[in-house]
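# A closer look at the structure
Spelled out, the chains give:
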Amino acid sequence: MRRSTVFRALIFGALAALILPSTALADFIREDGTLAPGIPGSVAVDTLWVIVAGALVMFMQAGFAFLEIGFSRGKNAGTVVAKILTNFSIAGLCYWAVGFAFAFGAGSVVGHHGFFLQGFGDPLTAFPVMGLSDATVESKWFFQFVFCAVSLAIVWGTTLERIKFGVYIIYAVVFASVIYPIASHWVFGGGFLQTGDWLGTGIVGMQDFAGSTAVHLIGATGALTALLLLGPRKGKYDAAGKPRAIPGHNMPLFGLGVLILWLGWFGFNPGSALNASDGRFPEILLVTQLAACAGVLTAIATAYWRTKAIDIGMAGNGAIAALVAITAPSGYISCGFFTSPRFAKYNAFGDPNGGLFYSGSLKQLIAQCVGFTVAFTFVFAMSFATFWAIKKLYGLRVTEEEEEAGLDISEHGMYGYPEQFIPIPELVGYGAAPHVATPAPAAAAPITTTQEVTA
């Protein structure tokens, strides 16, 4: 990249950084710099915990990066970094402008206030579905934004090594502005699936603590639609249609990514209580940890049973699978089946008598099934339409030649590991040239064994 281009990018970035904060709103600070009267004492501790939990969830972006880099080939390592940074930034601006308002503003189908975090009235009663928490609106926005960013990151797990970079940008805008906010509003933002009895059906409100549906299902559904239109990686299947393994180039990075994601889940699940005052979050953390441990050991045992080897990738994936599975159950046990009345009261939605095994009623289970189906259908339709339009107007997939060369060089004009791909004479500035293979020694005379002599 030329110096002039870099300089212009820095100037524009600095201007944006100076302008955007001027639109922020300090909830509890008056114009004279003093605190507004009547602020509960729990505001500080709840706000601090929500921000810390949100920071842990934000750190999961590094986990996604290392996990995807480790499972990719070396020629596609650098593009993952650019993708993570770009999507995270797009999601931040879109969710600040409209996404948070759509997701948590008052309304049955879509929220209609709080755009740009402005004009939402009393900060303690704003965004009513989160009214049980005294944390400031800004801290709640940050926590919910990193949820949105995680859901968007999930979409791209099925698209590695073959998708055009511009697709990330286009879909990220639609996803963070419309698809995720509206679907999550229905599920855990005060929308009709959460409040229940929509259209007079009598169905109780669904429960989705920490977003098993709102984050993981939405992201996974978007990933499915992308995969259906994108197709598999080149060389994934042989001529007979049998799948072939394409090993990742760096298992240590993959392992680091898993551990970072594991750590991030301690913000993801416990932070979803949105407060520290009631002392509930340590129990949620404990349940989360136990599930992850069980997932690792179960995956290792299963892999060994099938292959007689302890598969590294399966060990890590066992942790991730368990953490995904325990996300909402960490607050209730399994929604629809095991939600106990003492946990159901925290949600303020759904059957107060709990799940099937406590209440003997199918109410909550039916609500969960209906909510899952409606959310999946909406996200699938919206995402498929978006990716179909991108494919027709812009294109989804790089050419075969670009895929063969790797996305680092074909999409970004550089390599994630330049010393492995750039010819030695062009490695200007590197302290040591890469290892050059030496010719193999001449073949030695064959060794005659005693058995051959006596045969």
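For clarity, every value in this text was computed on a predicted model and none was experimentally measured.

About the thresholds
- Residues numbered from 1 in each chain as written.
- Predicted model: local features only at pLDDT ≥ 70, side-chain atom pairs only at ≥ 80, totals over all residues.
- Heavy atoms only, no water.
- Helix = DSSP H or I, 4+ residues; strand = E, 2+ residues; numbered from the N terminus.
- Buried < 20%, exposed > 50% of the residue type's maximum accessible area, 1.4 Å probe, protein only.
- Contact = heavy atoms within 4.5 Å.
- Areas by Shrake-Rupley, 256 points an atom, 1.4 Å probe, with all protein chains shown as cover.
- Expected span 1.5 Å × (residues − 1).
- Polar contact = N/O pair within 3.5 Å; in protein donor to acceptor, adjacent residues only side chain to side chain.
- 1 Å grid on protein atoms, 1.4 Å probe; cavity = no way out; pocket = protein on both sides within 12 Å on 5 of 7 lines; lining within 4 Å.
- Points joined across faces, edges and corners; volume = space filled by probe spheres on them.
- Phe/Tyr/Trp six-rings, centres within 6.5 Å; stacked < 30°, edge-to-face > 60°.
- Axes fitted to C-alpha atoms, helices over the stretch in contact; angles between N-to-C directions.
- Parallel < 35°, antiparallel > 145°, perpendicular 65-115°, else oblique.
- Left-handed = near helix turned anticlockwise from the far one by under 90°.
- Nonpolar A, V, L, I, M, F, W, Y, C, P; charged D, E, K, R; others polar.
- Patch = residues over 30% accessible without salt bridge, like charges linked within 9 Å, V, L, I, M, F, W, Y side chains within 5 Å.
- Salt bridge = Lys/Arg side-chain N within 4 Å of Asp/Glu carboxyl O.

### Focus: the overall build of the chain
A count of helices and strands for the chain gives 18 helices and zero strands. Here the chain, with 455 residues, has 46% of them falling under the buried criterion. Taking the intrachain contacts of the chain between residues at least 6 apart in sequence as the baseline, contacts between residues at least 24 apart amount to 72%. Total accessible area on the chain is roughly 22200 Å²; 69% of this is exposed by carbon and sulfur atoms.

### Quick word on helix H14 (residues 363-393)
In this model, H14 (31 residues) spans 45 Å end to end at C-alpha, consistent with the 45 Å of a helix rising 1.5 Å per residue. Of the residues making up H14, those classed as buried are Gln-364, Leu-365, Ala-367, Gln-368, Gly-371, Ala-375, Phe-378, Val-379, Ser-383, Thr-386, Phe-387 and Ile-390. Elements that come into contact with the buried residues of H14 comprise helix H4 (137-155), helix H5 (165-188), helix H6 (192-195) and helix H7 (212-230). Looking at the residues trailing H14, positive phi occurs at Gly-395, about 105°.

### Brief notes about the environment of Thr-195
Mapped onto the elements, Thr-195 comes out in helix H6. On the basis of relative accessibility, which here comes to 44%, the residue Thr-195 falls in the partly exposed class. Linking Thr-195 and Gly-350, residues 155 residues apart in sequence, is a C-alpha distance of 7.6 Å. Ignoring anything within four residues of it in the chain, the contact list for Thr-195 reads Gly-190, Gly-205 and Phe-349. Among the polar contacts made by the side chain of Thr-195, one reaches the main-chain carbonyl oxygen of Phe-192 at a distance of 3.5 Å.

### Quick notes on the layout of surface pockets
In this structure, the largest pocket spans a volume of roughly 530 Å³. Looking at the largest pocket, it is lined by 28 residues, and the ones nearest its centre are Val-129, Ser-272, Leu-274, Tyr-346 and Asn-347. Contributions of two or more residues to the lining of the largest pocket are made by H4 and helix H12 (341-347).

### Quick word on the packing of aromatic side chains
Under the criterion given, the structure shown has 32 aromatic pairs. With 4.3 Å between their ring centres and 15° between their planes, Tyr-171 and Phe-387 make a pair best called stacked. Linking Tyr-171 in helix H5 with Phe-387 in helix H14, this pair joins segments that are 216 residues apart in sequence. Assessed through its relative accessible area of 0%, Tyr-171 is described here as buried. Each ring, one from Phe-192 and one from Trp-198, has its centre 5.1 Å from the other, and the planes form 65°; the classification is edge-to-face. Residue classification places Phe-192 among the buried positions, given a relative accessible area of 13%. Residue classification places Trp-198 among the partly exposed residues on the basis of a relative accessible area of 22%.

### Remarks on the packing of helix H2 (residues 42-71) against helix H8 (residues 251-268)
Put simply, H2 and H8 touch, their axes get as near as 7 Å, and they point 160° apart. Taken as axis vectors, H2 and H8 run roughly antiparallel relative to one another. Like other packed secondary-structure pairs, H2 and H8 cross with a definite hand, here left-handed. Its residues assigned to classes, the contact of H2 with H8 comprises 23 nonpolar, five polar and no charged.

### Some words on the packing of helix H9 (residues 281-307) against helix H10 (residues 312-325)
Following both chains from N to C, one finds H9 and H10 inclined at 140°, their axes separated by 7 Å at the closest point. Comparing their axes, H10 and H9 come out oblique. Every pair of crossing elements has a handedness; the one defined by H9 and H10 is right-handed. Along the contact surface, H9 presents Thr-288, Ala-291, Ala-292, Gly-295, Val-296, Ala-299, Ile-300 and Ala-303, while H10 presents Met-314, Ala-315, Gly-318, Ala-319, Ala-322 and Leu-323. Its residues placed into classes, the contact of H9 with H10 shows 11 nonpolar, three polar and no charged.

### Quick look at a nonpolar patch on the surface
Taken together, Ile-169, Ile-170, Val-173, Leu-393 and Tyr-394 make up a surface patch of nonpolar side chains, about 460 Å² in accessible area. No other element matches the three residues that H5 contributes to the nonpolar patch. For Ile-169, the position within the fold is in helix H5.

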